[in-house]
Amino acid sequence: MNRPKVQRRIVGKYEVGKTIGQGTFAKVRYAKNTETGESVALKILDKQKLLKNNKMAGQIKREISTMKLINHPNVVRVYEVLASKTKIYIVLEFAMGGNLFDKIPKLMQVHDGRLKEDGARSYFQQLINAVDYCHSRGVYHRDLKPENLLLDAQGNLKVSDFGLSALSRQAGGDGLLHTACGTPNYAAPEVVTDQGYDGATADLWSCGVILFELLSGYLPFEDSNLMTLYNKITAAEYNCPSWLSPGAKNLIVRILDPNPTTRIKVPEILEDAWFKKDYKPTLFEEKDKANLADVEAVFRDSEEHHVTEKKEEKPTPMNAFDLISMSRALDLGNFFEEEGGFKRETRFAATGSANELVQKIEAASKPLGFEIQKKNFKMRLENVNPGRKGNLEVATEIFQVSPSLHMVEVRKTKGDTLEFHKFYKKLSTTLNDVVWKSGDTSDSNNK
Ligand code: 3AM
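Residues numbered from 1 in each chain as written. Predicted model: local features only at pLDDT ≥ 70, side-chain atom pairs only at ≥ 80, totals over all residues. Heavy atoms only, no water.

**Some thoughts on the overall build of the chain**
Assigned secondary structure in the chain consists of 16 helices and 16 strands. Out of the 447 residues in the chain, the part that is buried amounts to 50%. As displayed, the chain has an accessible area near 21200 Å², and 49% of this comes from carbon and sulfur atoms. (Helix = DSSP H or I, 4+ residues; strand = E, 2+ residues; numbered from the N terminus. Buried < 20%, exposed > 50% of the residue type's maximum accessible area, 1.4 Å probe, protein only. Areas by Shrake-Rupley, 256 points an atom, 1.4 Å probe, with all protein chains shown as cover.)

**Things to note about the nonpolar core**
Core analysis: the largest hydrophobic core is formed by 79 residues, its most contacted members being Ile-64, Ile-90, Phe-124, Leu-127, Leu-214 and Phe-299. In terms of residue count, helix α7 (residues 199-216) provides more of this core than any other element does, 10 residues in total. Leave out the neighbours within four places in its chain, and Ile-90 touches Ala-41, Leu-42, Lys-43, Leu-45, Ile-64, Val-78, Glu-80, Val-81 and Leu-164. Listed in part, the 22 residues of the second largest apolar core include Leu-381, Val-410, Leu-431 and Val-435. (Core = buried A, V, L, I, M, F, W, Y, C linked by side-chain atoms within 4.5 Å. Contact = heavy atoms within 4.5 Å.)

**Observations regarding the UniProt feature "binding site: ATP" (unreviewed entry) in the chain**
UniProt's entry tags Lys-43 with the feature "binding site: ATP" (unreviewed entry), counted in the numbering of this structure. Counting through the fold element by element, Lys-43 comes out in strand β4 (residues 39-46). Under the relative-accessibility criterion, Lys-43 is labelled buried at 7%. (UniProt positions renumbered as here; feature names shortened; annotations may be inferred.)

**Examining helix α4 (residues 118-136)**
Each full turn of the α-helix corresponds to 3.6 residues, which orients residues three or four apart in the same direction. Helix length check: α4 (19 residues) gives 27 Å between terminal C-alpha atoms against 27 Å at 1.5 Å per residue, within 8%. Just downstream of α4 lies Gly-138, where phi reads positive at about 80 degrees. (Expected span 1.5 Å × (residues − 1).)

**As for the pattern of salt bridges**
Enumeration over the complete set of coordinates arrives at 20 salt bridges. It is possible to trace a salt-bridge network through shared partners that takes in Lys-18, Glu-409 and Arg-411. (Salt bridge = Lys/Arg side-chain N within 4 Å of Asp/Glu carboxyl O.)

**Comments concerning unusual backbone geometry**
Positive phi, close to 45 degrees, is recorded for Ala-236, a residue that is not glycine. Relative to the elements of secondary structure, Ala-236 occurs in the loop between α8 (226-234) and α9 (246-255). Its relative accessible area of 17% is what places Ala-236 among the buried residues. Even without a glycine there, the phi angle at Asp-301 is positive, about 55 degrees.

**Quick notes on the packing of aromatic side chains**
In the structure shown here, the tally under the stated rule is 9 aromatic pairs. Ring geometry for Tyr-30 and Phe-94: centres 5.1 Å apart, planes at 75 degrees, overall edge-to-face. Placement of the pair is Tyr-30 in strand β3 (residues 27-33) and Phe-94 in the loop between β6 (87-93) and α3 (104-107), with a sequence separation of 64 residues. A residue is classified by how much of its surface remains accessible, and Phe-94, at 26% relative accessible area, is partly exposed. When the centroid spacing of 5.9 Å and the interplanar angle of 80 degrees are considered together, the rings of Phe-124 and Phe-275 count as edge-to-face. Pair noted here: Phe-124 is in helix α4 and Phe-275 is in helix α11 (residues 273-276), with a separation of 151 residues, a long-range link. The burial state of Phe-124 is the same as that of Phe-275; both residues are buried. (Phe/Tyr/Trp six-rings, centres within 6.5 Å; stacked < 30°, edge-to-face > 60°.)

**Some details on helix α14 (residues 354-365)**
A rise of 1.5 Å per residue sets the reference length of α14, with its 12 residues, at 16 Å; its end C-alpha atoms lie 17 Å apart and thus fit the reference within 8%. Among the residues making up α14, those that are buried are Ala-354, Leu-357, Val-358, Ile-361, Glu-362, Ala-364 and Ser-365. Mapping the buried residues of α14 onto a view down its axis gives an arc of 165 degrees, with all of them on the same face. Check the buried side of α14 and you find it contacts β12 (345-351), β13 (370-375), β14 (378-383), β15 (393-402), β16 (405-414) and α15 (417-431). (Arc of directions from axis to C-beta.)

**As for the environment of Asp-301**
Tracing the backbone shows Asp-301 in the loop between α12 (293-300) and β11 (309-314). Taking the C-alpha atoms as reference points, Asp-301 and Lys-47, 254 residues apart in sequence, are found 9.1 Å from one another. In this view, Asp-301 contacts Lys-47, Leu-51 and His-306; residues no more than four positions away in its chain are not counted. Side chain to side chain, Asp-301 and Lys-47 meet in a polar contact 2.6 Å long. (Polar contact = N/O pair within 3.5 Å; in protein donor to acceptor, adjacent residues only side chain to side chain.)

**Looking at the packing of α7 against α9**
Between α7 and α9, the least distance of the axes is 9 Å, while the angle of their chain directions is 150 degrees. With respect to their mutual orientation, α7 and α9 come out roughly antiparallel. Considering the relative orientation of α7 and α9, their crossing is left-handed. Residues Leu-204, Trp-205, Gly-208, Leu-211, Phe-212 and Leu-215 of α7 pack against Ala-248, Leu-251, Ile-252 and Ile-255 of α9. (Axes fitted to C-alpha atoms, helices over the stretch in contact; angles between N-to-C directions. Parallel < 35°, antiparallel > 145°, perpendicular 65-115°, else oblique. Left-handed = near helix turned anticlockwise from the far one by under 90°.)

**Some details on the pairing of β6**
When you tally the buried positions in β6, you get 6 out of 7 residues, the bulk of the element. The sheet contact formed by β4 and β6 spans 7 bridges and is antiparallel. Bridge pairing in β6 places Lys-43 opposite Ile-90. In this sheet, β6 lies alongside strand β5 (residues 78-83) in antiparallel orientation, the contact comprising 5 bridges. (Pairing = 2+ DSSP bridges.)

**With respect to the packing of helix α2 (residues 54-69) against α12**
For the pair α2 and α12, the least separation of the axes is 10 Å and the interaxial angle reads 165 degrees. Here α2 lies roughly antiparallel to α12, going by the angle between them. Our pair here, α2 against α12, has a crossing hand that is right-handed. Contacts from Ala-57, Ile-60, Lys-61, Ile-64, Ser-65 and Lys-68 of α2 reach α12 at Asp-294, Val-295, Glu-296 and Phe-299.

Structure below.
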């Protein structure tokens, strides 16, 4: 196959892989600890931006230090913090189950004509546990939203970015709460009106919005006009779907109380009848010590502690046989994960020339509003119409297996997974006639 050498990027003891996503203030990349083989997520920040504001840097340092001490099963672990000359790397537990919100279609499945609320309740119980625990340690999230709600391989909820909200406020530059997509759908009334607010009650409001969305499949407060959206939030003006159980509705009403002083608190949530069903409090061991020398060194900007960053050439790790077997396993039908979630990348084998495939991808993407950049057989597709989480960006790459058989990789690099999924469905319809399906016996597939 015509794949030249690929580069290995190394940061300290981590081998850095693909970009998982672009958050509000940082790029997130997959990485592997070369000593233990463990997968991690690297949050990569611009050092200059992070350290330029002393007050912010002090708060971020305190919160990262606290997060290093937190060992809660529903909170993404912070393993360590590294700095190079220009960057700061936060090494995080890798949540390999993707984003909770990609599970909404599954949660919304109706059984015997009734919506099952148990799935949503179980995630909500884990969310409340995580939030309550961090609050008890003096760390507030202040920016709870779907992209921070991840799942591990077992499907347990993992809340990410606890204690890092100061970073997004800094990225916003205005001192106000700043969200990735610029739409504060999850923010409490006292936050959007910038009244000065209590982190704990504001976080609970966001949990209420999340619960509403998990149960109904749509946001309680949404409007393309920011002022109208603010008005809806401050008036707590929303419509519950008729199918919600009275218990769920009642809890949502108590959480989405625009007055932070009368809004329900965690102890009352724990006593709520709807919440309590099948509730098992999370069991875990507390860590009483963590080595904070790395955090100290990063925030002192100590040069002697700078981690080395290097690039190494390495031969391609895959051969044609690997590719074909991967393609069999990852054909179009398998784009959907069994649990009803959606993957952020997929590959499939396709017949025809690489140029033909590029043209087909282009033909499928252009009418959907994508701007296309091409380089050799790599393409970057950017949708200029912002979606729920900003612009959708997709990278595709075509690898040659034989002159008439190729592997096409389609990967979301930015934006909402559900939107990516919609795009992928359209793309797969256009490409259907060239997709190589296992069991095909045409000549070109056997070459
Ligand atoms: O854009 P999406 O939602 O697909 O889920 C996070 C988000 O992906 C992912 O990086 C993107 C930008 O925040 N992410 C963040 N931390 C992660 C972690 N610890 C993570 N994915 C896995 N493990």
